[in-house]
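A look at the structure
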Amino acid sequence: MAQAKRKLNWLGGNPGDGWYEMSEGLVALINEANPGLNIQLVAGGGRSNLESVQAGHAHVAMSIDVVTSAARNGGEPFISPMDRLNVLGTGWSPLPYNLLKGPNGPADLSEALHKDGLRFGAPPEDTTDELVFRRVLGFCQTSYKDIVRRGGKIVLRGYDALVDALAQREIDYVFGATTLPARSIAQATATKGLRLAPLPNKVISHLAREWGHGSGIIPQSAYPGLCDGDIPTSFVQTVLVVSSGASVDDMQAITRTLLEHRQKLPRIHPSLAALNPRTAWRNVPAPMHPGASRAFQELGFMS
């Protein structure tokens, strides 16, 4: 009699964003390599994913390093430390913050946020992107209420819906981090008048100084129809978050599969080529899960 497969759920991002597409490939790879596992992909958001892991409702979840660190330590916006959060490593995929704009309004976001009648889109409230967007607004001394009071609008939806709304001229800007490249951003090239704008230098510096973000560029080659040169922006890193109580054997199997098949990862998504297994276990935003540490050690990446 065949042994029943162990069912696990994996929380990705919203359909249409890079995390969701990446997770589809990662889950398929892990399931194929581990006949005893049946991992199912569920849509999620970087912030709500952490809450689900802490509550024991999710086995593996995508999130970003700086917000995972805040959650683990009880930093803003989390009320108390999420002490059950562990990780399978960090640096799985660098995420740039994209600022797409339509034909209306200035390219400088800090200026646009104070103009009358402009409409801004960001991912839903359960996501890390929406949290970071509100942090940017706070630094620029404005808020959702201020924008609406000036005749503007705030729209919180998934990436596909936001880019479609931008193309239909229902909003003027889209803000959010996703993988590089991202299908939803690339699709914007089909609409005349849409551009990828840089984040203001003062915003990039603020996110680095106050919240631990990195900085870098989105190369013009990623979206040649949306920009005339490289785009400076803020970056964060993808982490795989699990519960400290998750099965050591299961977490070891998942981590070992990803490390052993790391040459295949860029075929799932190009940004996964950035993974460095010799450093992915260092400077993590939450403790390494024992199963993940065992996999890194067995493969000679962790001393």
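Summarised in this report is the structure supplied together with it. Fair warning: this is a prediction, and the values are worked out from it, not measured in the lab. Every chain is numbered on its own, with residues counted from 1 as its sequence reads. In view of the model being predicted, local features appear only for residues whose pLDDT reaches at least 70, and side-chain atom pairs are presented and counted only at 80 or more, with totals across whole chains, interfaces and linings using the full set of residues. The side-chain figures draw on all heavy atoms in the structure; neither hydrogens nor water molecules are used.

So, on to the overall build of the chain. Labels follow the DSSP assignment, with helices taken as runs of H or I lasting at least four residues and strands as runs of E lasting at least two, numbered in each case from the N terminus. In terms of regular secondary structure, the chain is built from 12 helices and 10 strands. When its C-alpha atoms are laid out on the principal axes, the chain stretches across 65 × 40 × 35 Å. Expressed as a percentage of the 303 residues in the chain, the buried residues total 53%. Sequence separation of 24 or more characterises 77% of the internal contacts of the chain that already satisfy a separation of 6 or more. Accessible surface area values rest on a Shrake-Rupley calculation with a 1.4 Å probe, where residue burial reflects the displayed protein chains alone. Counting only carbon and sulfur atoms, one obtains 48% of the accessible surface of the chain, whose full area is about 12600 Å². Positive charge is attributed to Lys and Arg, negative charge to Asp and Glu, and no charge count is given to His or to the chain ends. A single reference atom marks each charge: NZ on Lys, CZ on Arg, CG on Asp, CD on Glu. Across the chain, the 29 positively charged side chains and the 27 negatively charged ones have centroids separated by 2 Å. Residue burial is assigned from relative accessible area. The probe radius is 1.4 Å, only protein chains are included, and a residue is buried under 20% of its type maximum, exposed over 50%, and partly exposed in between. Residue contacts follow a heavy-atom distance rule, with two residues in contact if any of their heavy atoms lie within 4.5 Å.

It is worth spelling out the packing of helix 5 (residues 128–139) against helix 9 (residues 201–211) at this point. To obtain an axis, a line is fitted to C-alpha atoms, over the contacting stretch when the element is a helix, and the angle between two such axes runs from 0 to 180 degrees between their N-to-C directions. Between helix 5 and helix 9, whose axes approach to 11 Å, the crossing angle comes to 110°. The angle between helix 5 and helix 9 places the two elements in the roughly perpendicular class. Here helix 5 runs over helix 9; the crossing is right-handed. Together, Val132, Arg135, Val136 and Phe139 of helix 5 and Lys202, Val203, His206, Leu207 and Trp211 of helix 9 make up the contact between the two elements. Here the nonpolar group is Ala, Val, Leu, Ile, Met, Phe, Trp, Tyr, Cys and Pro; Asp, Glu, Lys and Arg are the charged ones; every other residue, Gly included, is treated as polar. Residue composition of the contact of helix 5 with helix 9, grouped by class: 6 nonpolar, 1 polar and 2 charged. For classification purposes, an angle smaller than 35 degrees is called roughly parallel, one larger than 145 roughly antiparallel, one from 65 to 115 roughly perpendicular, and anything else oblique. We call a crossing left-handed when the near helix sits turned anticlockwise from the far one by less than a right angle, and right-handed when that turn is clockwise.

Attention shifts here to the pairing of strand 1 (residues 6–11). A pair of strands counts as paired when DSSP detects no fewer than two bridges linking them. Note: strand 1 against strand 2 (residues 37–42), 6 bridges, orientation parallel. By the bridge assignment for strand 2, Arg6 is matched with Leu37. By the criterion used throughout, a crossover qualifies as right-handed when its path from the first strand across the helix to the second strand runs clockwise, the strands pointing away from the viewer. The β-α-β motif built from strand 1, the intervening helix 1 (residues 18–33) and the parallel element strand 2 has right-handed crossover chirality. Across 2 bridges, the pairing between strand 1 and strand 3 (residues 60–64) is parallel. Residue pairing across strands places Leu11 opposite Ala61, the latter belonging to strand 3.

Further remarks concern the nonpolar core. Side-chain atoms within 4.5 Å link the members of a nonpolar core, which is a set of buried Ala, Val, Leu, Ile, Met, Phe, Trp, Tyr and Cys residues. Counting residues in each nonpolar core, the largest one holds 74 residues, and the members touching the most others are Trp10, Phe120, Ile254 and Leu258. Ranked by residues supplied to this core, first place goes to strand 4 (residues 85–101) with 7 residues. Excluding its chain neighbours within four sequence positions, the residues that come into contact with Trp10 are Ser23, Leu26, Val27, Ile30, Ile39, Gln40, Leu41, Val42, Val60, Met62, Leu240 and Ile254. By size, the runner-up hydrophobic cluster in this structure holds 19 residues, among which are Val174, Leu180, Tyr223 and Leu226.

Stacked, edge-to-face and tilted labels apply to pairs of Phe, Tyr and Trp rings (six-membered ring for Trp) whose centres lie within 6.5 Å, assigned for plane angles under 30 degrees, over 60, and everything in between, in that order. The tally for this structure, following the rule as stated, stands at 4 aromatic pairs. Between Tyr97 and Phe175, the ring centres sit 5.4 Å apart and the planes meet at 25°, which makes this aromatic pair stacked. With Tyr97 in strand 4 and Phe175 in strand 7 (residues 173–177), this residue pair connects regions lying 78 residues apart in the sequence. Connected via pairs of aromatic rings, a cluster forms that spans Tyr97, Phe133, Tyr144 and Phe175. Geometrically, a lysine NZ or arginine CZ counts as sitting over a ring once it is within 6 Å of the ring centre and also within 35 degrees of the ring normal. For Arg47, the ring lying beneath its charged end belongs to Phe78, and the centroid distance is 5.8 Å.

Quick look at unusual backbone geometry now. The omega torsion of the bond from Glu76 to Pro77 falls at 5°, within 30 degrees of zero and hence cis. Its location among the elements puts Pro77 in the loop between helix 3 (65–73) and strand 4. Of note, the bond from Leu180 into Pro181 is cis; its omega dihedral lies within 30 degrees of zero at 0°. Phi angles above zero are rare outside glycine, and Gln141 is one such case at about 60°. Looking at where Gln141 falls in the secondary structure, it is placed in the loop between helix 5 and helix 6 (144–149). Located in the positive-phi region is Arg169, a residue other than glycine, with phi close to 65°.

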